[in-house]
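Chains, contacts and geometry: an overview
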Amino acid sequence: MAEKSGHAEGLLDSLRNLATTFVAIVQTRLEIFASEVDEQRALLARVAVLAVLAAFGLGLAVVLIVLFIVVLFWDTNRLLTIGVLAGFFGAVGVVSLLMLRAAVGQRPRLLSATLAELRRDREKLERK
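To keep things clear, this report deals only with the structure shown in the data block.

Below, the discussion takes up the overall build of the protein. Of the regular secondary structure elements, the protein holds 3 helices and 0 strands. Starting at the N terminus and walking to the C terminus, you meet the elements of the protein as α-α-α. Against the 2.2 N^0.38 benchmark of 14 Å for 128 residues, the protein shows a C-alpha radius of gyration of 31 Å, more extended than a compact globule. Overall, the C-alpha framework of the protein stretches about 110 × 25 × 10 Å when taken along its three principal axes. Accessible surface, the protein: about 11100 Å² in total, of which carbon and sulfur atoms supply 71%.

And the structure:
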């Protein structure tokens, strides 16, 4: 009878250890997940603020430069000047959009570290 009682306690201890290990693994993965979400949110907020500031400053500068150039050539070739400037800024816009598309395509996948950890965990479990 003592052996069965000791065996049951050993089994319960093993189950407790297994449950503790499982909870620790889940907690670690959730902490990685939360950390990645915080990093992505902070990065997105920073990029958004910088993009708005850059767009405002550059937009205002472009308007003032165009106005200056048009006034400078007002008596001689104002329509040609406006056309050349419109073509130039159109080309700049197209090139910028292509560069933006390339930059968005190169960003890391969301939650890549979390997914990599889960993949390693699964591989370790499958080997055993």
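The geometry of an aromatic ring pair is captured by two quantities: the separation of the ring centres and the angle between the planes. Enumeration over the complete set of coordinates arrives at 1 aromatic pair. Here the basic side chain of Arg78 rests over the ring of Trp74, its NZ or CZ set 4.8 Å away from the ring centre.

The subject of this paragraph is the pattern of salt bridges. By the definition in use, this model includes 2 salt bridges. Across the pair Arg16 and Asp13 runs a salt bridge whose closest N-O atoms are separated by 2.8 Å. Of the two residues, Arg16 and Asp13 both sit in helix α1 (residues 2-72), 3 residues apart, roughly one turn of that helix. We classify Asp13 as partly exposed; its relative accessible area is 42%. The salt bridge partner of Arg41 is Asp38, with a shortest N-O separation of 3.4 Å. Residue Arg41 and its partner Asp38 are located together in helix α1, separated by 3 residues, close to a single helical turn. Judged by its relative accessible area of 56%, Arg41 falls in the exposed class.

Rules used in this analysis
- Residues numbered from 1 in each chain as written.
- Predicted model: local features only at pLDDT ≥ 70, side-chain atom pairs only at ≥ 80, totals over all residues.
- Heavy atoms only, no water.
- Helix = DSSP H or I, 4+ residues; strand = E, 2+ residues; numbered from the N terminus.
- Rg over C-alpha atoms; globule rule 2.2 N^0.38 Å.
- Areas by Shrake-Rupley, 256 points an atom, 1.4 Å probe, with all protein chains shown as cover.
- Phe/Tyr/Trp six-rings, centres within 6.5 Å; stacked < 30°, edge-to-face > 60°.
- Lys NZ or Arg CZ within 6 Å of the ring centre and 35° of its normal.
- Salt bridge = Lys/Arg side-chain N within 4 Å of Asp/Glu carboxyl O.
- Buried < 20%, exposed > 50% of the residue type's maximum accessible area, 1.4 Å probe, protein only.

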